[in-house]
Amino acid sequence: MDSQIDSENEGLYELRPVARYDDASRANAATTGQTVGNAATEQGKRHGLTRYVGARHLGCVLPAVSAALGAPVPTHIHPDSERLRVELGLPHARAAIVVLVDGLGFWNLTLRRGHAAYLRNLLDDSAGSRPISTCFPATTVAAMGTFGTGTCPGLTGMTGYSQLNPRNGKICQLIAFRDAMSPQELQTQPTMFSALAGTGMRVTSIGLPKFAGSALTEAAFHGADYHGMRSMDDRVRAAAEASREPGITYLYFNECDKAGHNYGWESEQWIAAFEKVDGCLGLLRREVPRDTLIVVVADHGMVQTDPQQRIDIAATPQLSQGVALVGGEPRAPMLYVNPDVDPRDVADRWRDYLGERAWVGTRRQAIDAGLYGVVRPEVEPMIGDVIAAANDRVTIVDSRFQTDRATRLPSVHGSATVMETDVPFLIDYID
């Protein structure tokens, strides 16, 4: 590995078991009438990419915060929000601000902690000293749906950056919902914000103007009063002002993710964005009134890519044979095979070619292993017939369907390495 960070922390770029969803077995049994429990656990072990984590999951954050505000909201996956609050160590509060810093994984933060005076102090607290897990794939679309509904990608239908739209047979892109179903048709789970607003609570969402009324915002965060502001400082002041009234505020920063994709998360530009986010959060802490709870999380982390480990499906017959469409992303591609092709044959060829460079499984294996949590029948065909999760700093691209720039981003995410799936869970209570 070329960079100093990689050479000193090689284990962070290795695949590790994906976090299953707390209470997933119970919820799946209620949905399908099947008993999964121990059988699902054994399947997960056999497929080698799942583990259990209890409450320390991104999908548990908003249910736990709802309980901290005295209005516990259950979800399909998490029926006991108060238990999540206790397990996550959240105090009761009059108001809460939940900050999501896009792309700021736990280890990205930890390895650059010297640039973050405010966040460093929260990391040193016992509650913030260990990460929570995001979903699989570790990417914004899937994570935002999981976070915003307190459920999982298999229920939200948001299973990756891009996926098959069974209605038109096209690969749809879910940041902009291009060629996709409408947000209401695809994502049928109630959002945490709509549930909290239904209790009469003030629910405020603060982000960039371009996301006001966007399809992704509608799918993941419907029900909040949205305020769009370009300036990071303006967003912070708006959040602080909103917190003077009891209720919940969601505050979004995309600057670290943007710098990471454009320049690499180890770049000076990323550090500058990171320092600005940290300064804004320090300002937020100074501006909010007493009895306000601040929770800082992220949707995923980032890995630095290696051009020498870039694999192009289009240029590799062993990988392209039988594959009609490619969705997902370079760290977690989803393959949709031709109608006359057995996905198991494609998966076998991919395993033979990639070896230790990726985990490869069929859709059935991935679902049985719990990678997407509980999966609605309508969502199953949206998931690839074959799924891969890249190891190390490997990217798996397809120049037939992706722009050259998109296949050569300096930092990406989506797979199941520690760098990508560990995200911070930092608590600051202003008493």
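Here is what the cut-offs are and how they apply
- Here the residue numbering is sequential within each chain, running from 1 through the sequence in written order.
- In view of the model being predicted, local features appear only for residues whose pLDDT reaches at least 70, and side-chain atom pairs are presented and counted only at 80 or more, with totals across whole chains, interfaces and linings using the full set of residues.
- With hydrogens and water excluded, all non-hydrogen atoms of the structure serve as input to the side-chain values.
- Buriedness of a pocket was judged along seven lines, with at least five required to meet protein on both sides within 12 Å; pockets are open sets of points on a 1 Å grid over the protein atoms alone, cavities are sets where a 1.4 Å probe fits but cannot get out, and lining residues have an atom within 4 Å of a point.
- Grid points are joined across faces, edges and corners, and a volume is the space filled by probe spheres set on the points.
- Counting from the N terminus, the helices are the DSSP runs of H or I reaching at least four residues and the strands are the DSSP runs of E reaching at least two.
- Residue classes follow a fixed rule: Ala, Val, Leu, Ile, Met, Phe, Trp, Tyr, Cys and Pro count as nonpolar, while Asp, Glu, Lys and Arg count as charged, and any other residue, Gly among them, counts as polar.
- Burial classes follow relative accessibility: with a 1.4 Å probe on protein chains only, a residue under 20% of its type's maximum area counts as buried, one over 50% as exposed, and anything between as partly exposed.
- In this count, Lys and Arg are taken as positive residues and Asp and Glu as negative ones, while His and the chain termini are left out.
- By definition here, a salt bridge exists when the distance from a side-chain nitrogen of Lys or Arg to a carboxyl oxygen of Asp or Glu is within 4 Å.
- Under the rule applied, a polar contact is a pair of N or O atoms within 3.5 Å (in protein, one hydrogen donor and one hydrogen acceptor; residues adjacent in sequence only if both atoms are side-chain atoms).
- Two residues qualify as a contact provided that any one of their heavy atoms is within 4.5 Å of a heavy atom in the partner residue.
- As used here, the term nonpolar core means buried Ala, Val, Leu, Ile, Met, Phe, Trp, Tyr and Cys residues forming a set that is joined through side-chain atoms within 4.5 Å.
- The pLDDT value expresses, per residue, how confident the predictor is, ranging between 0 and 100.
- The rule for pairing is simple: two strands pair if DSSP sees at least two bridges between them.
- Only the contacting stretch of a helix is used when fitting its axis, a line to C-alpha atoms as for every element, and angles between N-to-C directions run 0 to 180 degrees.

Focus on the layout of surface pockets
The space that makes up the largest pocket amounts to roughly 1,400 Å³. Counting residues per element, the ones that place at least two in the lining of the largest pocket are helix H8 (140-149), strand S6 (170-173), strand S7 (202-207), helix H12 (215-221), strand S9 (247-253), helix H14 (255-263) and strand S13 (323-329). Sorting elements by how many residues they give to the lining of the largest pocket places H14 first, with five residues. Residue composition of the lining of the largest pocket, by class: 22 nonpolar, 16 polar and 10 charged.

Looking at the side chain of Asp 102
Among the structural elements, Asp 102 can be located in the loop between strand S3 (95-101) and helix H6 (106-111). The buried charged residue Asp 102 lacks any salt bridge, with Lys 210 as its nearest oppositely charged partner at 9.7 Å. At 3.4 Å, the side chain of Asp 102 forms a polar contact with the side chain of Thr 140. Here Asp 102 is in contact with Thr 140, Met 144, Tyr 252, Phe 253, Asn 254, Cys 256, Asp 257, Asp 299 and His 300, once residues within four sequence places are set aside.

Observations regarding empty space enclosed by the protein
If you walk through the whole model with that rule in mind, you get one cavity of 30 Å³ or more. Approximately 40 Å³ is the volume found for the largest cavity. Taken together, Gln 163, Leu 164, Asn 165, Pro 166, Cys 172, Ala 180, Met 181, Leu 186 and Met 382 form the lining of the largest cavity. Sort the elements by how many residues they give to the lining of the largest cavity and strand S5 (residues 162-165) lands first, with three residues. Class assignment for the residues of the lining of the largest cavity results in seven nonpolar, two polar and no charged.

Structural notes on the nonpolar core
Core analysis: the biggest nonpolar cluster contains 86 residues, and Val 61, Val 99, Leu 119, Phe 147, Ile 248, Phe 253 and Leu 284 have the highest contact counts within it. With nine residues, helix H15 (residues 268-287) is the largest single contributor of residues to this core. Of all hydrophobic cores here, the second largest spans 29 residues; its members include Val 141, Ala 366, Ile 387 and Ala 416.

Some remarks on the confidence of the model for the protein chain
Here the protein chain shows a mean pLDDT of 91. Residues at 70 or above account for 91%. Throughout residues 1-7 the model reports pLDDT below 50, and contacts reaching past four residues in sequence, or to other chains, amount to 15 contacts. Low pLDDT, under 50, characterises residues 24-47; the stretch is placed with 27 contacts to residues that sit more than four places away or in other chains.

Focus: H14
Within H14 the residues assigned to the buried category are Glu 255, Cys 256, Asp 257, Ala 259, Gly 260 and His 261. Those residues of H14 hidden inside the fold are in contact with S3, helix H13 (232-242), S9, H15 and strand S18 (411-412). With its phi angle positive at about 100°, Gly 264 sits one or two positions after the end of H14.

Structural notes on the pairing of strand S20 (residues 426-430)
In terms of residue burial, S20 counts as a mostly covered element, since four of its five residues are buried. Where strand S10 (residues 292-297) meets S20, five bridges bridge the pair, whose relative direction is antiparallel. Counted as the bridge partner of Val 295 is Ile 427 from S20.

Section: the sheet that holds S9
The six strands are arranged S8-S7-S9-S3-S10-S20 in an open sheet whose pairing can be described as mixed. Both outer strands of the open sheet, strand S8 (225-228) and S20, are each paired with one neighbouring strand and no more. Mean inter-strand twist for the sheet, computed between neighbouring axes without regard to direction, equals 15°. Across six bridges, S3 lies against S10 in parallel orientation.

Quick look at the side chain of Gln 189
Tracing the chain through its elements places Gln 189 in the loop between helix H10 (183-186) and helix H11 (192-198). Residue Gln 189 is classed as buried on the basis of its relative accessible area of 15%. Look past the residues within four positions of Gln 189 in its chain and what remains in contact with it is His 76, Thr 149, Thr 151, Leu 155 and Thr 156.

As for H8
Of all 10 residues that make up H8, 10 are buried, and the element is covered over most of its length. Of the residues making up H8, those classed as buried are Thr 140, Val 141, Ala 142, Ala 143, Met 144, Gly 145, Thr 146, Phe 147, Gly 148 and Thr 149. Phi turns positive one or two residues past the end of H8, at Gly 150, with a value near 70°.

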